[in-house]
Amino acid sequence: MIEEPVDDITEVEEEEEELEETEETEEELESEVPEEDEDEELGEEELEDEEEEEEFLEAKEKRRARKEKEELEEDIVEERFYTIPLRKAWISTRKKRAPRAGRIVKSFVLKHMKVRTEAEEEEDQEKLVIDNEVNEKLWSRGIEKPPRKIRVRIIKDKEGVVTVLLAEGD
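A quick note: this is a predicted structure, and the numbers were derived from the prediction, not measured. (Residues numbered from 1 in each chain as written. Predicted model: local features only at pLDDT ≥ 70, side-chain atom pairs only at ≥ 80, totals over all residues. Heavy atoms only, no water.)

A. Highlighting the side chain of Asp 157. Along the polypeptide, Asp 157 turns up in strand E3 (residues 149-157). No salt bridge forms around the buried Asp 157; measuring N to O, its nearest opposite-charge neighbour Lys 127 is 7.4 Å away. Polar side-chain contacts of Asp 157 include one of 2.8 Å to the backbone nitrogen of Val 161. Residues within four places of Asp 157 in sequence aside, it is in contact with Asp 75 and Val 77. (Helix = DSSP H or I, 4+ residues; strand = E, 2+ residues; numbered from the N terminus. Buried < 20%, exposed > 50% of the residue type's maximum accessible area, 1.4 Å probe, protein only. Lys, Arg positive; Asp, Glu negative; His and termini not counted. Salt bridge = Lys/Arg side-chain N within 4 Å of Asp/Glu carboxyl O. Polar contact = N/O pair within 3.5 Å; in protein donor to acceptor, adjacent residues only side chain to side chain. Contact = heavy atoms within 4.5 Å.)

Here it is, written out as structure tokens:
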């Protein structure tokens, strides 16, 4: 009978060693799990950083636009709002409508703001500036379907440069 308990002790020791090993592996697994959480947190932090960066760029762009508007407002001699009819652009073939709408806007502004296009003034090529927003509005539905009319704000500065902007709210 004595022999059996001795065997039991060795068995108990072996079981204890196995338990210690399993505990160690469990600890290793547990220590690995927080590292994964840290990686996920880092990923979330990177996403937050990207979002903050996008917000920063948007704010920077808004500030730049405000500065441009302030500069324009300082030099304004004349400011007018017009609704330019673009129905004639729809007379042309489908694939030429948006470019024709752009030409219609240009001719309308030249006519109504009395921009001089004489030969001697060709040195100053930028007598008429059409803002990118106006162009995007003309092309917003593609080449085949420009808008039927467009509301614009036209500004003439001290030097005679005419700028065509999209009217606010459009």
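B. View of the environment of Arg 94. Tracing the sequence through the fold places Arg 94 in the loop between strand E1 (76-85) and helix H2 (97-112). Look at Arg 94 and you get exposed, because its relative accessible area is 54%. Setting aside anything within four residues of it in sequence, one finds Arg 94 in contact with Ile 143 and Glu 144.

C. Up close: the pattern of salt bridges. Using the criterion set out here, one finds three salt bridges in the structure. For Glu 78, the salt bridge identified is with Arg 80, shortest N-O distance 2.5 Å. One salt bridge connects Arg 153 with Glu 79, and the closest N-O pair in it is separated by 2.4 Å. Here Arg 153, found in strand E3, pairs with Glu 79, found in strand E1; they are 74 residues apart in sequence, far enough to count as distant. Assessed through its relative accessible area of 37%, Glu 79 is described here as partly exposed.

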